[in-house]
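Single-letter residue listing:
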Amino acid sequence: MHRPDDLTQGSVLRNLLRFSVPYLLSCFLQTFYGMADLFITGQYCDAAAITAVSVGSQVMHMLTVVIVGLAMGTTVTISRSMGAGDRGRAARAAGSTMVLFAGVSAVLTAVLLVLTGSILRVLSVPQEAAEGTRQYLTVCFAGIPLIAGYNVLSGIYRGMGDSRHPMLFVAFAGVINIGLDILLIGPLHMGPQGAALATVLAQGLSVALAALFMGRTLSLKLTRKDFRPDRALMRTLLSIGFPVACQDGFIQVAFLVITAIANRRGVDVAAAVGIVEKVISFLFLVPSAMLSSVSTLAARNAGAGLHARSRRTLAEAMGICIGFGLLAVAACQFLAEDILRLFAREEEAVIRLGGQYLRTYVLDCVFAGIHFCFSGFFCAYQKSILSFLHNVLSVLLVRIPGAYLATVLAPDTLYLMGLAPAMGSLLSAGICLGFYLRYRPIWRGGAEKDR
């Protein structure tokens, strides 16, 4: 009998969709209530407040993806252990992760609260938006333990093959977040600080729900012994998660550098770029869901020795990403300004500039979908260093230089600047294909068995 949580049997595409759709919805809800901060701010506040929330949320998005990347080591280790039938190792991985992230989040909170002023200067935040950005970041930095807690617990759930419960937790918290946004930004006039407080309180609720239901919903039973750090297992977790965290952090630093370049062009350009980054992060939910799904499903099958199923998972996910990317490109050519008006309805300069930026930036959805799937596949085989390498090369050779050159060559438009991320992802996709062919024996796993 094929159990619903057994990702090593049945249709590869069906398993991929069954796992990825709840995860996609979880990401959608998280991004939706992140965008709700920006949307509600735009209804009650001016361009300076919009810039403060967009810049501050970009910084927090960077931290979140680094945390999620580091937790990838846990998801893959648990998934491979479950594929091999070793529940004890899966439990030790979960316990060690919780201990590790408790320390990491405490250190991050302390360091970032001290460095808030320096971060504002590095990002060249326009003077009009500086105080609002400071307020937003201060509240969010204080809430890092809650943000880390939810993402770590979600990584454990996904490693066990359960992407449904994290979706339910974040859905409930998202409703609370939007309600708090309306109250704190609207009648209470707290502006960016209110947007940040709503986000942190919602994340805290997600953590509480995930921890409360973990013992009831997962077949993984943790004992006190599992929370004693296992050095060998810690090395495995970090060998997978650390390159992913560095990769994701490096990409986000590149986005922040691009934001800094945009901020120097004035508040209208800063607001336009900030809004488009939010829209793109929304569109990237599908590639991101496929990355996590490929890493989990391919790891489970690799642990069971089913390497052909792992490769088919990669192929199916890549097809989904390319198809979605092409649809997104087509839609944004016609609806760019309409999308911008949702966030800045009376800021015509922001709408015009943002429409230019979105029309070219959206091409990144096609190429990024390819290298996201490859990255998930490399992580499943504990080769996350390959993902780190292709992203570093993309950022250093194309993304940052391209954004700077676009500003110099086309100072009156954002069309050219939007091409830099897309060309960077095209380079990444080509490098990933080269890695896949170069290390083909690893993906074949020696003597294959199939089912």
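Residues numbered from 1 in each chain as written. Predicted model: local features only at pLDDT ≥ 70, side-chain atom pairs only at ≥ 80, totals over all residues. Heavy atoms only, no water.

Looking now at the overall build of the protein. Secondary structure assignment for the protein yields 17 helices and zero strands. What you see for the protein is a C-alpha radius of gyration of 21 Å, in line with the 22 Å of a compact globule of 451 residues. The principal-axis extent of the C-alpha atoms belonging to the protein is close to 60 × 45 × 35 Å. Counting across all 451 residues of the protein, residues that qualify as buried make up 59%. Looking at charge distribution, the protein has the averaged site of its 36 positive side-chain charges lying 15 Å from that of its 24 negative ones. (Helix = DSSP H or I, 4+ residues; strand = E, 2+ residues; numbered from the N terminus. Rg over C-alpha atoms; globule rule 2.2 N^0.38 Å. Buried < 20%, exposed > 50% of the residue type's maximum accessible area, 1.4 Å probe, protein only. Lys, Arg positive; Asp, Glu negative; His and termini not counted. Charge placed at Lys NZ, Arg CZ, Asp CG, Glu CD.)

Right, let's talk about unusual backbone geometry for a bit. For Q382, which is not glycine, the phi torsion reads 60° and is therefore positive. Tracing the sequence through the fold places Q382 in the loop between α14 (364–380) and α15 (384–409).

This part is about the side chain of D162. Here D162 is to be found in the loop between α6 (144–159) and α7 (164–185). Put simply, D162 is tucked away with no salt bridge, and the nearest opposite charge, on R164, sits 5.2 Å away. Of note is the side chain of D162, whose polar atom sits 3.0 Å from the backbone nitrogen of R164. Within the structure, the side chain of D162 is placed 2.8 Å from the side chain of H165, a separation counted as a polar contact. (Salt bridge = Lys/Arg side-chain N within 4 Å of Asp/Glu carboxyl O. Polar contact = N/O pair within 3.5 Å; in protein donor to acceptor, adjacent residues only side chain to side chain.)

Right, let's talk about the side chain of T199 for a bit. With respect to the element layout, T199 can be found in helix α8 (residues 191–217). The contacts of T199, once residues within four sequence positions are left out, are D37, Y136 and N177. (Contact = heavy atoms within 4.5 Å.)

Moving on to helix α12 (residues 307–341). Taking 1.5 Å per residue as the helical rise, α12 with its 35 residues ought to reach 51 Å, and the 47 Å between its terminal C-alpha atoms agrees with that figure. The sharpest bend along α12 comes to roughly 75°, located at L335. (Expected span 1.5 Å × (residues − 1). Bend = angle between axes of the 7 residues up to and from the residue.)

Below, the discussion takes up the pattern of salt bridges. Think of it this way: side chains of opposite charge can pair up when their charged atoms draw near. Evaluation of the coordinates by the stated rule reveals four salt bridges. Between E131 and R134 there is a salt bridge, with its nearest N and O atoms 3.9 Å apart. Taken as a pair, E131 and R134 lie in helix α5 (residues 127–142) at a separation of three residues, close to a single helical turn. Residue R399 pairs with D364 through a salt bridge whose shortest N-O separation is 3.9 Å. Of this pair, R399 sits in helix α15 while D364 sits in helix α14, placing them 35 residues apart in sequence. In this structure, R399 and D364 share a single accessibility class: buried.

Our next topic: a nonpolar patch on the surface. A cluster of nonpolar side chains, Y404, L405, V408, L409 and L416, forms an exposed patch at the surface whose accessible area comes to about 520 Å². Structurally, the position occupied by Y404 is in helix α15. (Patch = residues over 30% accessible without salt bridge, like charges linked within 9 Å, V, L, I, M, F, W, Y side chains within 5 Å. Areas by Shrake-Rupley, 256 points an atom, 1.4 Å probe, with all protein chains shown as cover.)

Glancing now at the nonpolar core. By size, the foremost hydrophobic cluster in this structure holds 102 residues, and its most contacted members are M60, F141, I275, F377 and M417. Sort the elements by how many residues they give to this core and α14 lands first, with eleven residues. The residues contacting F141, other than those within four sequence positions of it, are V59, M60, L63, T109, L112, L113, T116 and I119. In terms of nonpolar packing, the next biggest core, distinct from the first, is built from 25 residues, L70, A93, V207 and A245 among them. (Core = buried A, V, L, I, M, F, W, Y, C linked by side-chain atoms within 4.5 Å.)

For α5, built from 16 residues, the straight-helix expectation of 22 Å at 1.5 Å per residue is met to within 8% by its first-to-last C-alpha distance of 23 Å. Within the span of α5, buried status applies to A129, A130, G132, T133, Y136, L137, V139, C140 and F141.

This part is about the packing of α5 against α6. Close contact between α5 and α6 brings their axes to 4 Å; oriented N to C, the two are set at 55°. By the angle class used here, α5 and α6 are oblique. Side by side, α5 and α6 meet where C140, F141 and A142 of the first sit next to I144, P145 and I147 of the second. Considering only residue class, the contact of α5 with α6 consists of six nonpolar, no polar and no charged. (Axes fitted to C-alpha atoms, helices over the stretch in contact; angles between N-to-C directions. Parallel < 35°, antiparallel > 145°, perpendicular 65-115°, else oblique. Nonpolar A, V, L, I, M, F, W, Y, C, P; charged D, E, K, R; others polar.)

On to the environment of G194, then. Counting through the fold element by element, G194 comes out in helix α8. Judged by its relative accessible area of 0%, G194 falls in the buried class. Taking C-alpha positions, G194 is 9.0 Å from V139, a pair spaced 55 residues apart along the chain. Excluding anything up to four places from it in sequence, G194 contacts D181, L184 and I185.

In a disulfide, the sulfur atoms of two cysteines are covalently bonded to one another. The tally for this structure, following the rule as stated, stands at zero disulfides. Unpaired in terms of disulfides, C379 finds its nearest cysteine sulfur in C432, a separation of 10 Å. (Disulfide = S-S within 2.5 Å.)

Here we come to the confidence of the model for the protein. Across the protein, the average pLDDT comes to 82, with 94% of residues at 70 or higher. Across residues 447–451 the pLDDT falls below 50, and counting only partners more than four positions away or on other chains, this stretch makes 16 contacts in the model. (pLDDT = per-residue confidence, 0-100.)

At a closest axis distance of 10 Å, the pairing of helix α3 (residues 87–114) and helix α9 (residues 231–263) adopts a crossing angle of 75°. Classified by the angle between their axes, α3 and α9 sit roughly perpendicular to one another. Across the interface between the two elements, R89, R92, A93, S96, T97 and L100 from α3 touch L233, M234, T236, L237 and L238 from α9.

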